[in-house]
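Below, each chain spelled out in residue letters.
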Amino acid sequence: MTTAPVLSYSSYRTYLECPQRWKFLYVEKRPEAPRSYFTFGRVVHTVLESLLRPLVVPAARKVGSAGSQRTLEDWQPARVTTGEALLMSKEELLACYEQNWSAEGYLTPEEEGRYRALGRDLLLRYHDHLARERPRPVAIEEHLETRWDGIEIHGYIDRIDRTPAGGLEIVDYKTSRELSNEDVKDSDQLSLYQVLVEGNYAEPVERLTLVHLRSQTPLRGRPRARSTLERLHDRLGTVRDGIREEAFDPNPGRYCNRCDFKEICPEFAVVPPPEEARLKELVDRFEQLRAEERRLESDLKRTAEELHRSAEAIGLHRVPGSRSVAVRRKEETWQYSLDAVRLLLESAGLSHRVGSGSQEEIRALVRDRTIDPDVRRRIAELGTRRVKWYWDLDLADARR
Ligand code: SF4
């Protein structure tokens, strides 16, 4: 049993995708190779942070939210917070971009060049967009933590804006190729951010927004309903419990091809040379027996059906072979409606007799002589009898 971790969205998602990969990353702290799309996203986020930070006017926080974060009282306005002047110019923006650029993770200079040009283009277009529509951020790249009904969560939120109605809008930038309205509706990331903001800010969350930077499109959604958040809480609880119990089984699937740990993953461990021949032989034998098993199963089914048809046609229940006798046997089961049985027992003052409510337990009540015969008869009448005939072999019968 290990201590419960403070879960972020990416840690939660990693565990759901593959607990073994979670262990490599969060327990063994193994680094992953840099990826171009992560580097690109990080650089763009950093530049947007520099661009928008001067516009921040902090909002009121809940009493008792993390002390390291800025509150309205902490805030000392250094500059006038109105007008275009607060935004850096396009030249300053590009200079900031070049200063923060990183070549980490790009596979070729061409790939790096394409991304670099894309970044310039989308930042300049976003600068134009801000000239037309100025947000009112209350926080940029803010780290928030909260305890959500027993589960510790944290996250970095790209931006929190004030809405025209005075509430809060959570904004997350996406540099990915595609984005749809479904992403806003289904995003666990935005749900988690809503909980973080609600746990730290006094005003209500009114909007959840993903900004698709390539198309400059904000995709907006309403805050999540309580039922949606409760379902997320359940999933987080399952992840938290799995980590606590050190359940780190590999979950091989579509993530393996881009997993940096495939070579050390137990799922893909290679057979040591001294064992190779012996294990290969066992696998081949296993495969052969499996094929045999399937062939026998289908042969058995076909023979039993033919025996049943032929014996039925001439009214036989026992058919002798050379070494045994095939005997027709009956399997009888009863199905009861648990609700109807409960009602009946309640009306008879026997509600304490309903335990697990299994079919076997109800059938046992019918045979239970401590219960009034009339009640037992009425329970029996609630049942539906199912009969299944099958054929079996009786070796002893053949020897008689
Ligand atoms: S290779 Fe696949 S199963 Fe192994 S850790 Fe990576 S994602 Fe998990």
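Residues numbered from 1 in each chain as written. Predicted model: local features only at pLDDT ≥ 70, side-chain atom pairs only at ≥ 80, totals over all residues. Heavy atoms only, no water.

S.K.: Pulling in residues and values, what's your account of the packing of helix α1 (residues 9-17) against helix α2 (residues 19-27)?
M.R.: Running from N to C, α1 and α2 point in directions that differ by 135 degrees, and their axes come no closer than 5 Å. As summarised for this structure, α1 and α2 are arranged oblique, according to the angle between their axes. Residues S10, S11, T14, Y15 and E17 of α1 pack against P19, R21, W22, L25 and Y26 of α2. Here the residues of the contact of α1 with α2 sort into five nonpolar, three polar and two charged. (Axes fitted to C-alpha atoms, helices over the stretch in contact; angles between N-to-C directions. Helix = DSSP H or I, 4+ residues; strand = E, 2+ residues; numbered from the N terminus. Parallel < 35°, antiparallel > 145°, perpendicular 65-115°, else oblique. Contact = heavy atoms within 4.5 Å. Nonpolar A, V, L, I, M, F, W, Y, C, P; charged D, E, K, R; others polar.)

S.K.: Summarise the sheet that holds strand β5 (residues 217-221); cite the residues concerned and give the values.
M.R.: Within a sheet, each strand pairs with its neighbour through backbone hydrogen bonds, oriented either parallel or antiparallel. One open sheet accounts for five strands, arranged β1-β2-β3-β4-β5; its pairing is mixed. For this open sheet the edge positions go to β1 (137-148) and β5, each flanked by a neighbour on one side alone. The mean inter-strand angle of the sheet, taken between neighbouring strand axes irrespective of direction, is 40 degrees. Here strand β2 (residues 151-162) runs beside strand β3 (residues 168-174); their pairing, made up of four bridges, is antiparallel. (Pairing = 2+ DSSP bridges.)

S.K.: Would you mind going over the site of the ligand in detail, with residue names and values included?
M.R.: Near the ligand the following residues occur: C18, Q20, R21, F24, P250, N251, P252, C256, C259, K262, C265 and F268. Split into classes, the residues belonging to the shell around the ligand amount to eight nonpolar, two polar and two charged. (Near = heavy atom within 4 Å.)

S.K.: Which residues make up the packing of helix α3 (residues 36-52) against helix α5 (residues 109-132), and what are the values?
M.R.: Between α3 and α5, the least distance of the axes is 11 Å, while the angle of their chain directions is 30 degrees. Classified by the interaxial angle, the pair formed by α3 and α5 is roughly parallel. In this structure, α3 meets α5 at a crossing whose hand is right-handed. For the pair α3 and α5, contact is made by S36, Y37, F40, V44, V47, L48, L51 and L52 and by E111, Y115, L118, G119, L122, L123, Y126, H127 and L130, respectively. By residue class, the composition of the contact of α3 with α5 is 13 nonpolar, three polar and one charged. (Left-handed = near helix turned anticlockwise from the far one by under 90°.)

S.K.: An account of the pairing of strand β4 (residues 205-212) is needed here, citing residue identities and associated values.
M.R.: Regular strands place side chains that alternate from one sheet face to the opposite one. The buried fraction of β4 amounts to six of the eight residues, a majority that puts the element mostly inside the structure. Note that β3 and β4 share seven bridges and pair parallel. Paired with D172 across the two strands is L210, which belongs to β4. Pairing of β4 with β5 involves five bridges; the strand directions are antiparallel. Across the sheet, V211 pairs through a bridge with P218, a residue of β5. (Buried < 20%, exposed > 50% of the residue type's maximum accessible area, 1.4 Å probe, protein only.)

S.K.: Just give me the short version of the side chain of T146, but keep the residues and values in it.
M.R.: Take T146: it is sitting in strand β1. Excluding its chain neighbours within four sequence positions, the residues that come into contact with T146 are I151, E152, I153, V195, L196, G199 and N200.

S.K.: Residues and numbers for the sheet that holds strand β6 (residues 318-320), please.
M.R.: Strand order in this open sheet of three strands is β6-β7-β8, and the pairing throughout is antiparallel. The open sheet has two edge strands with one neighbour each: β6 and β8 (384-394). If you compare each strand with its neighbour and ignore which way they point, the axes differ by 25 degrees on average. In this sheet, β8 lies alongside strand β7 (residues 325-335) in antiparallel orientation, the contact comprising 11 bridges.

S.K.: Could you give an account of the packing of aromatic side chains, naming the residues involved and the relevant values?
M.R.: When we look at a pair of aromatic rings, we describe it by the centre distance and by the angle of the planes. With the rule as written, the count across this model stands at 13 aromatic pairs. Judged by centre distance (5.6 Å) and plane angle (70 degrees), the ring pair of Y97 and W101 falls under edge-to-face. In this structure, Y97 and W101 share a single accessibility class: buried. Measuring from ring centre to ring centre gives 6.2 Å for Y126 and Y173, while their planes differ by 80 degrees; the resulting arrangement is edge-to-face. Pair noted here: Y126 is in helix α5 and Y173 is in strand β3, with a separation of 47 residues, a long-range link. Summarising the burial analysis for this pair, Y126 and Y173 share the class buried. (Phe/Tyr/Trp six-rings, centres within 6.5 Å; stacked < 30°, edge-to-face > 60°.)

S.K.: Give a detailed account of the pattern of salt bridges, specifying residues and quantitative values.
M.R.: Summed over all chains, the structure comprises 37 salt bridges. With a shortest N-O distance of 2.9 Å, R120 and E98 are connected by a salt bridge. Here R120 is found in helix α5, whereas its partner E98 is found in helix α4 (residues 90-100), with 22 residues between them in sequence. One salt bridge connects R226 with E198, and the closest N-O pair in it is separated by 3.1 Å. Here R226, found in helix α8 (residues 226-244), pairs with E198, found in helix α7 (residues 188-200); they are 28 residues apart in sequence, far enough to count as distant. The structure contains a network of salt bridges with shared partners spanning R13, E17, R21 and E32. (Salt bridge = Lys/Arg side-chain N within 4 Å of Asp/Glu carboxyl O.)

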